[in-house]
Amino acid sequence: MMQSEQFLGIGMTSQRTRERLVQRLLERGISDRRVLESMRSVPRHLFVDEALSSRAYEDTALPIGSGQTISQPYVVARMTEAVLQCRPRKVLEVGTGCGYQTAVLASLGLEVFSIERIGALYEKARRNLSRVKLSHVRLRHGDGYQGWKAQAPFDAILVAAAPEELPEALLQQLAEGGCLIIPVGGGGGQQLLKVTRQGEQFNQEVLEMVSFVPMLSGAPR
Ligand code: SAH
C-alpha cells in the first residue's frame, strides 16, 4: 500500500470494496475469470476525481467532467467479456473518457487504440493511464465515428457512446470474423449490440438494454 493511500485511509477500504464489486459482478452473471481479475486489479479510484474516490468501487457511473461519465463497472465488464469472445489481439475503443475501460482492455494484454473527441478528456486519460503504467496504449484526439482507418482492421471495436445507427466506417474497419460491441439508439434507452463480420455479412445479436451518453460526430473539441 502506498503511504499516501494509507494516510487517506483508502488503501484497505479499496481492497475490500473492490472485492465486493467483483462479487457483485459475479452475481450479475460475469463469469469470465480474466475479466473478473482485471476488474479486481485495475484501480478505478485513480480514474475518478479525488472527491469521488470513496465511491469508485460502487457499481455506478460517475461524472468525469465535460458532461461525461465513467461507465458503470458492470457495463465495462460485460463489454469486455463480449470483446474477449471475439478472441482479439488488436482492439479499437471509441470514447476513451477517463481511460478506465482502456486500462481494463490493456491489462488483458490486448493492443489497444482509443479515440476521444473531447480534448480535456483525452488529456485526462493520458495522465490516468501513465499513472497506472499503462501508457503503451495508443490514444488519439478525434472523431471516433470515422474509426481509425490507418490502423484498421481491428479484431474488435468497442464503442462507449451511443449513435442512432450503426456507423458504416466502423463496420468496414472490422477484420474478418471481428466484432463490434456498440450501444445503438436514441432517447430513453439503447440496445447493446454485438455485430460480427463474415465477409460482407454483419450478424447482429442484442446483448442487453443499456444507457450511454450519445455519440457525437463532427469536428472534435
Ligand atoms: N469508457 C469511458 C466512457 C466515457 S463516456 C470511461 O469509462 O471513462 C463516453 C465518451 O465517448 C465520452 O468521453 C465522449 O466524449 C466520447 N465520445 C462521444 N462521441 C464520440 C466520438 N464521435 N468520437 C470519440 N469519442 C466520442
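These lines cover the structure that appears in this document, whether it is placed above or below. Bear in mind that the values here come from a model prediction, so they are computed numbers and not experimental data. (Residues numbered from 1 in each chain as written. Predicted model: local features only at pLDDT ≥ 70, side-chain atom pairs only at ≥ 80, totals over all residues. Heavy atoms only, no water.)

### So, the site of the ligand
So, point 1. As a structural note, the neighbourhood of the ligand is formed by 26 residues, with S71, E116, D143, G144 and L216 the closest of them.
So, point 2. With respect to the ligand, the side chain of E116 contributes an N or O atom lying 2.6 Å from an oxygen atom.
So, point 3. Within the side chain of D143, a nitrogen or oxygen atom sits 2.9 Å from a nitrogen atom of the ligand.
So, point 4. Protein burial of the ligand: of its 580 Å² of free accessible surface, 98% is covered by the chains.
So, point 5. When contributions to the shell around the ligand are tallied by element, the ones reaching two or more residues are β2 (68-70), β3 (90-94) and β4 (111-116).
So, point 6. Residue composition of the shell around the ligand, grouped by class: 13 nonpolar, nine polar and four charged. (Near = heavy atom within 4 Å. Polar contact = N/O pair within 3.5 Å; in protein donor to acceptor, adjacent residues only side chain to side chain. Areas by Shrake-Rupley, 256 points an atom, 1.4 Å probe, with all protein chains shown as cover. Helix = DSSP H or I, 4+ residues; strand = E, 2+ residues; numbered from the N terminus. Nonpolar A, V, L, I, M, F, W, Y, C, P; charged D, E, K, R; others polar.)

### Concerning the packing of aromatic side chains
So, point 1. Tallying each qualifying case throughout the model produces three aromatic pairs.
So, point 2. Centroid distance F113 to W148: 5.4 Å. Interplanar angle 85°. Geometry classified as edge-to-face. Highlighted residues: F113 in strand β4 and W148 in the loop between β5 (138-141) and β6 (154-159), separated in sequence by 35 residues. The same class applies to F113 as to W148, namely buried.
So, point 3. Ring centres of F113 and F154 lie 5.9 Å apart, and the angle between their planes is 65°; this geometry places the pair in the edge-to-face category. Here F113 is found in strand β4, whereas its partner F154 is found in strand β6, with 41 residues between them in sequence. Both residues of the pair, F113 and F154, count as buried. (Phe/Tyr/Trp six-rings, centres within 6.5 Å; stacked < 30°, edge-to-face > 60°. Buried < 20%, exposed > 50% of the residue type's maximum accessible area, 1.4 Å probe, protein only.)

### Overview of helix α6 (residues 119-131)
So, point 1. The end-to-end C-alpha distance of α6, which contains 13 residues, comes to 19 Å, matching closely the 18 Å that a straight helix rising 1.5 Å per residue would cover.
So, point 2. Among all positions of α6, only G119, L121, Y122, K124, A125, N128 and L129 are buried.
So, point 3. Taken from the residues just after α6, K133 is the one with a positive phi, measuring 60°. (Expected span 1.5 Å × (residues − 1).)

### Description of the sheet that holds strand β9 (residues 201-210)
So, point 1. Taken in spatial order, the seven strands make up an open sheet running β5-β4-β3-β6-β7-β8-β9, and their pairing is mixed. Strands at the two margins of the open sheet, each flanked by one partner only, are β5 and β9. Neighbour-to-neighbour, the strand axes of this sheet turn through a mean angle of 15°, independent of strand direction.
So, point 2. Relative to strand β8 (residues 190-198), strand β7 (residues 174-184) runs antiparallel, the two being bridged by six bridges. Bridge pairing in β8 places L180 opposite V195.
So, point 3. Those strands touched by helix α5 (residues 100-107) are β3, β4, β5 and β6, and its axis lies near 170° from that of β4. (Pairing = 2+ DSSP bridges. Axes fitted to C-alpha atoms, helices over the stretch in contact; angles between N-to-C directions. Contact = heavy atoms within 4.5 Å.)

### Here we look at helix α3 (residues 33-41)
So, point 1. Turning to α3, its buried residues are V35, L36, S38 and M39. Each buried residue of α3 lies within a common arc of 160° when the element is viewed along its axis, so the set occupies one face. (Arc of directions from axis to C-beta.)

### Considering the side chain of D143
So, point 1. Locating D143 in the fold gives a position in the loop between β5 and β6.
So, point 2. Although D143 is buried, it forms no salt bridge, and the closest oppositely charged side chain is R117 at an N-O distance of 5.1 Å.
So, point 3. Beyond its immediate stretch of four places on either side in the chain, D143 contacts I115, L216, S217, G218 and P220. (Lys, Arg positive; Asp, Glu negative; His and termini not counted. Salt bridge = Lys/Arg side-chain N within 4 Å of Asp/Glu carboxyl O.)

### Let's talk about the environment of Y145
So, point 1. Mapping Y145 onto the fold places it in the loop between β5 and β6.
So, point 2. The spacing of Y145 and Y100 is 45 residues in sequence and 20 Å in space, taken between C-alpha atoms.
So, point 3. The contacts of Y145, once residues within four sequence positions are left out, are P163, E165, P167, A169, L170, M215 and S217.

### Here's the deal with the nonpolar core
So, point 1. Counting 53 residues, the largest nonpolar core has L25, M39, F47, I70, V83, Y100 and I181 as its most contacted members.
So, point 2. Top element by residues in this core is helix α4 (residues 73-85). It accounts for eight residues.
So, point 3. Each residue touching V83, except ones within four places of it in the same chain, is listed here: P88, V91, L105, L110, A156, L158 and I181.
So, point 4. Counting residues in hydrophobic clusters, the runner-up holds 18 residues, among them L92, I115, I157 and L174. (Core = buried A, V, L, I, M, F, W, Y, C linked by side-chain atoms within 4.5 Å.)

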